[in-house]
Amino acid sequence: MGLLLGGSVWLLATARERALRLARGMTSELRGTRDDLESTLNAIPDLLFELGLDGRIHHLRHSRAALLPAPAQMLVGQRMQDIVAPDAAAGCLAALQAAHDTGHSAGHQYRLGSGGDERWFELSIARKENAAPGEAPRFIALSRDITERKLSEARTYHLAYFDALTGLPNRRMLLDRMERSLDAARRAGQVGALLFIDLDNFKQINDARGHSLGDLLLVQVAQRLVDLLAPGDIVARLGGDEFVVLVHDLAGGMQDAGPAAMAVAETLRVALEAPYTIHQHLYSSTASIGITLFPKPDEGVEDLLREADTAMYRAKDLGRNRIRFYEAAMQADVQERLTLEQDLKNAAAEGQLAAFVQPQVNAAGVVVGGELLMRWNHPVRGSVPPARFIPVAEASGLILRMGDWMILQACETLARLQAAQRDLSISVNVSERQFRQDDFVERMRGVLVSTGANPAHLILEVTESLLIENLDDTIARMTELRRLGVRFSIDDFGTGYSSLAYLKRLPLYELKIDKSFVQDAPHDPNDTAIVQSIISVARHLNLHVVAEGVETRAQADFLVASQCNGLQGYLFGRPEPLQQWLARQLQGG
Ligand SMILES: Nc1nc2c(ncn2[C@@H]2O[C@H](COP(=O)(O)OP(=O)(O)OP(=O)(O)O)[C@@H](O)[C@H]2O)c(=O)[nH]1
């Protein structure tokens, strides 16, 4: 019995021992699991809440206490709506409700703080499934700080939609906004305008003062445009020196919108022409502006942009620092120009371009020289007027090759006249682009040497506008060319800036009175007075004067009586092919 009892006690003790060991093992396992869980939770960089459906915080893990808006113990017991802004709280409560309905919710984002302290969070919420029946539901919510991701998204958005230099919207953003404006204008029956703005001769500032100064100018231009914007309108930078202003709701109809758009453009034009101060220096710049109105039937944003661009180009053609409205005819003109440019490229190779010469006579009517003129005999169009193809040649750069060829013709002609002891001079036009080429002086020297022409008989005709741009550089270049022996004449004098102050500073030989003044002299008192005053200015400055477009004996007599030195016009000869004229001169005139 004792043995039995003893055995039972031993058995019981052993079972207890085993149960205790098992319990100890389980406790230790549970502790391990709990520790693992604790470590896992600590490793999660998010805030972890236990919430009620009403947004009350029942528990909060604060391993990232820095992210909390207040110490953790102060937050427990409070409701979300007591802690965060009303809009953020409303979103969080909606996310809780969604988790209540479906078991979980993820992706709701909310913001805490504002300005520089602003931080963004994203919520993931799961409903706790172990609530006893009748017990209010509880939720576990992870709140992840996504501020860095938001900032990086904002940076990417900014890079994609804004111009880095000026901070203005870029082309993509503009197109997007235009799309919306166009829709809104159609729906509201309102007319808006698109203004295409391109700075005039911006390349010169870049070339002369450097790209970084050009950048600073662009930034100031952007600022001036922004300062003048009406609320809701936008200004974008398309790239380079091109800006676009989108003006909404100008008027209820095209009739009234036109003048209103013009008034806006004029305000911008005037603002942009005021001097710019950069690094304590003053710079001047102007802009050409093209306008198109919208909406127009069947026209999308790209059409509108193209129209405003076309109108801007027309403003440039008309002399820059101007505003032009788009007209449908302009598009045809652009097409025509492109075709002309293409044809002009082939023209030189196919021998369609020819040099003509128009004689110049002295007061006694004796031929003293001639002006070389370019003629283009197009196989289909026939003779294309220089006023039509020279601007195309200028714009496309073809003028450089064409100009070189004309200078070569002039020098070869001079060499042949010299060889025959014919003491005549030849004038040839030099375009601004040609004159400003870096190696223009060297090219001139090369042609003079290779042809053996006497430079004293070569007269380079330049326009007033060429002279006035970069006056100091112009003077330096002209002086170098003067040293080679060539002489300078101002073509179409009186039609451009006519600033007499610069005449004194330039190493000039001659003024050519524009034919528009000669035409109505001596009958028109104004033109007569202009012609006489040009001759008088020339005499005081010791310059030779040639009148162009002399067609009648009365004009010639008046000019000679007014002491004009040279005459050119139909009265003395129409332009004729150079070789034909030269052959006659070589035979004695
Ligand atoms: N500084 C600066 N220059 C730029 C930038 N982007 C383009 N450009 C230059 O801007 C100039 C634009 O010249 P254009 O508009 O073609 O010609 P322009 O000299 O203004 O002459 P017009 O437009 O015919 O009056 C070019 O020389 C470009 O190299 C930029 O971000 N910064």
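Residues numbered from 1 in each chain as written. Predicted model: local features only at pLDDT ≥ 70, side-chain atom pairs only at ≥ 80, totals over all residues. Heavy atoms only, no water.

For the protein chain, an unreviewed UniProt entry supplies the name Diguanylate cyclase/phosphodiesterase with PAS/PAC sensor(S) and the organism Acidovorax delafieldii 2AN.

Caption draft 1: A look at the overall build of the protein chain. Scanning the protein chain from N- to C-terminus turns up 22 helices and 22 strands. In the protein chain, which comprises 589 residues, the proportion classed as buried is 42%. Across the protein chain, contacts joining residues at least 24 apart in sequence account for 63% of those joining residues at least 6 apart. Carbon together with sulfur atoms contributes 54% to the accessible area of the protein chain, which is approximately 30300 Å² in total. (Helix = DSSP H or I, 4+ residues; strand = E, 2+ residues; numbered from the N terminus. Buried < 20%, exposed > 50% of the residue type's maximum accessible area, 1.4 Å probe, protein only. Contact = heavy atoms within 4.5 Å. Areas by Shrake-Rupley, 256 points an atom, 1.4 Å probe, with all protein chains shown as cover.)

Caption draft 2: Region of interest: the site of the ligand. Close contacts around the ligand come from 16 residues, with Asn-201, Asn-206, Asp-215, Asp-241 and Arg-320 the closest. Contact between the ligand and Asn-206: a nitrogen atom at 2.7 Å from a side-chain N or O atom of the residue. A distance of 3.0 Å separates a nitrogen atom of the ligand from a polar atom in the backbone of His-211. Considering the ligand on its own, with 660 Å² of exposed area, one finds that the protein chains cover 68% of that surface. Listed by contribution, the elements that provide at least two residues to the shell around the ligand are β6 (191-199), α7 (202-209) and α8 (211-227). Here the residues of the shell around the ligand are counted per class, giving three nonpolar, five polar and eight charged. (Near = heavy atom within 4 Å. Polar contact = N/O pair within 3.5 Å; in protein donor to acceptor, adjacent residues only side chain to side chain. Nonpolar A, V, L, I, M, F, W, Y, C, P; charged D, E, K, R; others polar.)

Caption draft 3: Highlighting the sheet that holds strand β1 (residues 47-52). The five strands lie next to each other as β2-β1-β5-β4-β3, forming an open sheet whose pairing is antiparallel. Where the open sheet ends on each side, the last strands, each with one partner, are β2 (57-61) and β3 (104-112). Within this sheet the neighbouring strands show an average axis-to-axis angle of 25 degrees, counted without direction. Bridge count for strand β4 (residues 119-127) against strand β5 (residues 138-145) is seven bridges, and the pairing is antiparallel. Pairing of Leu-123 across the sheet is with Ser-143, part of β5. The strands touched by helix α5 (residues 147-161) are β3, β4 and β5; relative to β4, the strand with the most contacts, the crossing angle is about 125 degrees. (Pairing = 2+ DSSP bridges. Axes fitted to C-alpha atoms, helices over the stretch in contact; angles between N-to-C directions.)

Caption draft 4: Broad picture of the pairing of β4. Examined bridge by bridge, β3 and β4 share eight bridges and lie antiparallel to one another. Its bridge partner being in β4, His-108 is matched across the sheet by Leu-123. Hairpin remark: β3 followed by β4, antiparallel, with six residues in the connecting loop; positive phi at Gly-113, about 75 degrees.

Caption draft 5: The arrangement of the nonpolar core in detail. By size, the foremost hydrophobic cluster in this structure holds 75 residues, and its most contacted members are Leu-344, Leu-458, Leu-481, Leu-559 and Leu-567. Counting residues per element, this core draws most heavily on helix α13 (residues 398-419), which supplies nine residues. If we ignore the near neighbours within four places in the chain, the residues touching Leu-344 are Leu-353, Trp-376, Phe-389, Val-392, Ala-393, Leu-398 and Met-402. (Core = buried A, V, L, I, M, F, W, Y, C linked by side-chain atoms within 4.5 Å.)

Caption draft 6: Local environment of the environment of Val-518. For Val-518, the location among the structural elements is in helix α19 (residues 515-520). Along the sequence, Val-518 and Phe-558 sit 40 residues apart, while their C-alpha atoms lie 9.7 Å from each other. When neighbours within four sequence positions are excluded, Val-518 is seen to be in contact with Ile-513, Ala-547, Glu-548, Gly-549, Val-550, Gln-555 and Leu-559.

Caption draft 7: Region of the structure containing helix α6 (residues 171-188). Helix length check: α6, at 18 residues, gives a terminal C-alpha distance of 25 Å against a target of 26 Å (1.5 Å per residue), a fit within 8%. For α6, every residue scored as buried is listed here: Met-173, Leu-174, Leu-175, Met-178, Ser-181, Leu-182 and Ala-185. On its buried side, α6 packs onto α5, β6, β7 (234-239), β8 (242-251), β11 (287-294) and α10 (301-317). The backbone nitrogen of Arg-172 has a side-chain oxygen 3.1 Å away, supplied by the residue at the start of α6, namely Asn-170. (Expected span 1.5 Å × (residues − 1).)

Caption draft 8: Geometry of the confidence of the model for the protein chain. Looking at the protein chain as a whole, the pLDDT averages 90, with 96% of positions reaching at least 70. The complex prediction reports pTM at 0.57, with the ipTM value standing at 0.97. (pLDDT = per-residue confidence, 0-100.)

Caption draft 9: The sheet that holds β6, seen in detail. Taken in spatial order, the five strands line up as β7-β8-β6-β11-β12 in an open sheet, and their pairing is mixed. Two strands bound the open sheet, and with one partner strand each, they are β7 and β12 (323-325). Direction aside, neighbouring strands of the sheet carry axes that sit 25 degrees apart on average. In the sheet, β7 pairs with β8 via five bridges, with the strands oriented antiparallel.

Caption draft 10: Inspection of the packing of aromatic side chains at higher detail. Taken as a whole and judged by the stated rule, the model has six aromatic pairs. Seen in terms of ring centroids, Phe-435 and Phe-488 are 6.4 Å apart; in terms of plane orientation they differ by 85 degrees. Their pairing is edge-to-face. With Phe-435 in helix α14 (residues 432-435) and Phe-488 in strand β18 (residues 487-493), the pair connects residues that are 53 residues apart, well separated along the chain. The residues Phe-435 and Phe-488 share a single accessibility class, namely buried. Through a chain of ring-to-ring contacts, the aromatic side chains of Tyr-157, Tyr-161 and Phe-162 assemble into a single cluster. (Phe/Tyr/Trp six-rings, centres within 6.5 Å; stacked < 30°, edge-to-face > 60°.)

Caption draft 11: Seen up close, the pattern of salt bridges. In this structure the tally under the stated criterion is 37 salt bridges. A salt bridge links Arg-149 to Glu-122, with the nearest nitrogen and oxygen atoms 3.1 Å apart. A residue pair is termed long-range when its members are at least 10 positions apart, and Arg-149 in helix α5 and Glu-122 in strand β4 qualify at 27 residues. We note a salt bridge from Asp-200 to Lys-316, for which the minimum N-O separation is 2.9 Å. (Salt bridge = Lys/Arg side-chain N within 4 Å of Asp/Glu carboxyl O.)

Caption draft 12: Representation of the packing of α13 against helix α15 (residues 440-451). Two elements in contact, α13 and α15, have axes whose closest approach is 9 Å; the angle formed by their N-to-C orientations is 30 degrees. Crossing hand, α13 versus α15: right-handed. Contacts between α13 and α15 involve Asp-404, Ile-407, Leu-408, Cys-411, Glu-412 and Ala-415 from the first element and Phe-440, Arg-443, Met-444, Val-447, Leu-448 and Thr-451 from the second. Classifying every residue of the contact of α13 with α15 gives eight nonpolar, one polar and three charged. (Left-handed = near helix turned anticlockwise from the far one by under 90°.)

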